[in-house]
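Topology and contacts: notes
What follows is each chain in one-letter form.
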Number of protein chains: 2
Amino acid sequence: METKTHKCLLTGECSSAMRAVQDAIHILEGRWKVQIIVSLFFGTKRFKEISRDLPGITDKMLSKELKDLETNKLVKRTVQDSFPPRVDYALTEHGQTLRTVISELSHWGYAHREEIMGKKMAEAV
Amino acid sequence: METKTHKCLLTGECSSAMRAVQDAIHILEGRWKVQIIVSLFFGTKRFKEISRDLPGITDKMLSKELKDLETNKLVKRTVQDSFPPRVDYALTEHGQTLRTVISELSHWGYAHREEIMGKKMAEAV
DNA sequence: CGGCATCCTTGCCGATACTG
DNA sequence: CAGTATCGGCAAGGATGCCG
């Protein structure tokens, strides 16, 4: 326990694991990413549909975030060349794997709220 | 499946789950939080020890982040009034529960890297 | 050693307007 | 409908210096 295990801390295989964690968080962080993903958990959506699901988001942000998610192969963008223009967004298979992660985060988030607010309050609410 | 389940999207119990996820992410996000926590996975540390584990972090940031983590009851701060001054930081029981979450994020992060870089490259590295 | 105070840069993100 | 273009505020956070 008092051994020099901390030598591995940010060099060696530990740093590789660190980067993996940071990568994962980086994809989920920010005000909108998770909300967009959750919105798409419910199925394929058009730009405006997602927009309506996220009160307060601007077209600019939604556009940017979707582009990010597409770059990360989490979201598939499909263009129908009809009029009016129609573009569909859906989670890729890989995007679907986020369900587990988000579920885990959700559980911890609840537990955390209990810890912070006090167990008693948690039942009260 | 095509039912109007999206009605619940950001109103109702779904929004509660959303907030839980956001809470969890908020605690882990940023450049340093996870690194500090991981550093403390290896045991109780002093301010300078953590600082040495995280090349590039400034005293100001470390101080702020530790305060945040303490506020969230993830880290316990203990002051020995000796000379030179000595302050110990350790994860609380609640802080330890992050192991599962971080482990999950790490796994997904690796899988994500394979997805992005291509499975072939993953073995090559 | 373990910080806090100050200054300053960066870039996130919102508001608004415009296009095909 | 599905975006892009431009402007700009504001807060996170890096650099530096000082203190008990």
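Residues numbered from 1 in each chain as written. Chains lettered and ligands numbered in written order. Predicted model: local features only at pLDDT ≥ 70, side-chain atom pairs only at ≥ 80, totals over all residues. Heavy atoms only, no water.

The subject of this paragraph is the confidence of the model for chain A. Averaged over every residue, the pLDDT of chain A is 89; residues scoring 70 or more account for 85%. Scored below 50 in pLDDT, residues 1–6 of chain A makes 3 contacts in the model with residues more than four places away or belonging to other chains. (pLDDT = per-residue confidence, 0-100. Contact = heavy atoms within 4.5 Å.)

Residues and elements named next belong to chain B. One open sheet accounts for 3 strands, arranged β1-β3-β2; its pairing is antiparallel. In this open sheet, the two edge strands, each paired with only one partner strand, are β1 (45–46) and β2 (75–80). Pairing of β2 with strand β3 (residues 86–91), which is carried by 6 bridges, proceeds in the antiparallel orientation. If you follow Val 79 over to β3, its bridge partner there is Val 87. Sheet contacts for helix α2 (residues 33–41): β1, β2 and β3; angle to β3, the most-contacted strand, approximately 95°. (Pairing = 2+ DSSP bridges. Helix = DSSP H or I, 4+ residues; strand = E, 2+ residues; numbered from the N terminus. Axes fitted to C-alpha atoms, helices over the stretch in contact; angles between N-to-C directions.)

A separate point is the packing of helix α1 (residues 13–28) of chain A against helix α2 (residues 33–41) of chain A. All names here are of chain A. In the contact formed by α1 and α2, the axes pass within 7 Å of each other and the chain directions differ by 75°. With respect to α2, the element α1 is oriented roughly perpendicular. Residue-level contacts link His 26, Ile 27 and Leu 28 of α1 to Lys 33, Val 34 and Ile 37 of α2. Split into classes, the residues belonging to the contact of α1 with α2 amount to 4 nonpolar, 1 polar and 1 charged. (Parallel < 35°, antiparallel > 145°, perpendicular 65-115°, else oblique. Nonpolar A, V, L, I, M, F, W, Y, C, P; charged D, E, K, R; others polar.)

This part is about the UniProt feature "domain: HTH hxlR-type" (unreviewed entry) in chain A. As recorded in UniProt, the sites labelled "domain: HTH hxlR-type" (unreviewed entry) are residues 14–117 of chain A. End C-alpha to end C-alpha, residues 14–117 of chain A measures 33 Å, and it is 65% helix and 13% strand. (UniProt positions renumbered as here; feature names shortened; annotations may be inferred.)

Attention now goes to the relation of the copies chain B and chain A. Mapping chain B onto chain A calls for a screw motion: a turn of 180° about the axis and a shift of 0.0 Å along it, with 0.1 Å RMSD after fitting. The superposition of one copy onto the other is thereby described by a two-fold rotation axis. For chain B, the minimum C-alpha distance to the rotation axis belongs to Glu 29 of chain B and amounts to 3.2 Å. A shared interface surface links the copies, since 100% of the contact residues of chain B are contact residues in chain A too. (Least-squares fit on C-alpha atoms with pLDDT ≥ 70 in both.)

As a further point, take the interface of chain B and chain A. With 52 residues of chain B at the contact, the number on the chain A side is 52 residues. Remark: the boundary between chain B and chain A carries 2 salt bridges. Asp 23 of chain A serves as the salt-bridge partner of Arg 113 of chain B, at 3.1 Å between the closest nitrogen and oxygen. Along the contact surface separating chain B from chain A lie 11 residue pairs in polar contact (both at pLDDT 80 or more). Residue assignment for the side of chain B that touches chain A shows that the elements contributing at least two residues are α1 (13–28), α2 and α6 (98–117) of chain B. Here the side of chain B that touches chain A takes 15 residues from α6 of chain B, the largest share from any one element. (Salt bridge = Lys/Arg side-chain N within 4 Å of Asp/Glu carboxyl O. Polar contact = N/O pair within 3.5 Å; in protein donor to acceptor, adjacent residues only side chain to side chain.)

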